[in-house]
Amino acid sequence: MWCTRGGPISAEPRINDRIRVPEVRLVGPSGEQVGIVPLAKALELAQEYDLDLVEVAANARPPVCKLMDYGKFKYESAMKAREARRNQAHTVIKEMKLRPKIDPHDYDTKKGHVVRFLKQGDKVKITIMFRGREQSRPELGYRLLQRLAEDVQDLGFVESNPKQDGRNMIMVLGPHKKKTEAMAEAREAQAARKGKSGRQQESDPAGEPAEA
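Predicted, not measured: the structure shown is a model, and the values here were computed from it.

K.L.:
Explain the sheet that holds strand 3 (residues 52-57) residue by residue, including any values.
P.N.:
The strand order 2-1-4-3 describes an open sheet built from 4 strands, whose pairing is mixed. Each of the sheet's edge strands pairs with one partner strand only, and the pair in question is strand 2 (33-38) and strand 3. Across the sheet, the axes of successive neighbouring strands diverge by a mean angle of 35 degrees, strand direction being ignored. Of the strand pairs in this sheet, strand 3 and strand 4 (residues 64-68) are connected by 5 bridges, and their pairing is antiparallel. Opposite Ala57, over in strand 4, you have Val64 as the bridge partner. Strands in contact with helix 1 (residues 39-49) are strand 1 (23-27), strand 2, strand 3 and strand 4; relative to strand 2, the strand with the most contacts, it is inclined by about 125 degrees.

Here is the structure:
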């Protein structure tokens, strides 16, 4: 059995007087190679530049340190991580249920939902539900799934072919467009709508007197 003492190990790099080595390989503020210098000299240069001495490669021999504004570096890194999380694509599987003898209006409505999901970059699980004697006519469900796949082929493709699962028949459609692309296009469209709305308000400002 083992235990740790002194609390968890920090993932933060060592900076300034927390660096405990006799010499370092120094990198300048603009990325230029200064070379191997005593730690005291590196700290002196950091003070002259009004920057921090940051250990960027602790396992190197000697460790590599860089002159930088550590506060600004942490802020920019946090913003990049936040943007990456915002743009991260999570695979979502939507589900749409149909009956083998669905009427045309309901079919068009269901297809519209499938189109919307695919445009958003989501996968769609299509389930045909058989009841009673319908279970003896699986070809009805197969033809319906085939029809739907053909109707949305510009937006998606058959990722999982129709297969029987008890009383149901299931098919999975995958989008041609990646989730990240769909998210980016949605943001651009939203920005364009806001810009158009702003221009309309400028061209037709409120409070203008009506013409007689």
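K.L.:
Would you mind going over the packing of aromatic side chains in detail, with residue names and values included?
P.N.:
Following the criterion strictly, the structure yields 1 aromatic pair and no others. Consider the rings of Tyr70 and Phe73, whose centres lie 6.1 Å apart with planes at 25 degrees: the pair is stacked. Taken as a pair, Tyr70 and Phe73 lie in helix 2 (residues 70-87) at a separation of 3 residues, close to a single helical turn. Tyr70 gets classed as buried once you look at its relative accessible area, which sits at 10%. The exposure class of Phe73 is partly exposed, given its relative accessible area of 40%.

K.L.:
Got a sec to walk through the pairing of strand 4? Specific residues and values, please.
P.N.:
The element strand 4 is extensively covered by neighbouring structure, given that 4 of its 5 residues are classed as buried. Bridge analysis of strand 1 against strand 4 gives 3 bridges, and the strand direction is parallel. Paired with Leu26 across the bridge in strand 4 is Cys65. From the end of strand 3 to the start of strand 4, which pair antiparallel, there are 6 residues.

Scoring rules and cut-offs
- Residues numbered from 1 in each chain as written.
- Predicted model: local features only at pLDDT ≥ 70, side-chain atom pairs only at ≥ 80, totals over all residues.
- Heavy atoms only, no water.
- Pairing = 2+ DSSP bridges.
- Helix = DSSP H or I, 4+ residues; strand = E, 2+ residues; numbered from the N terminus.
- Axes fitted to C-alpha atoms, helices over the stretch in contact; angles between N-to-C directions.
- Contact = heavy atoms within 4.5 Å.
- Phe/Tyr/Trp six-rings, centres within 6.5 Å; stacked < 30°, edge-to-face > 60°.
- Buried < 20%, exposed > 50% of the residue type's maximum accessible area, 1.4 Å probe, protein only.

Distances and angles like these do not, on their own, reveal function.
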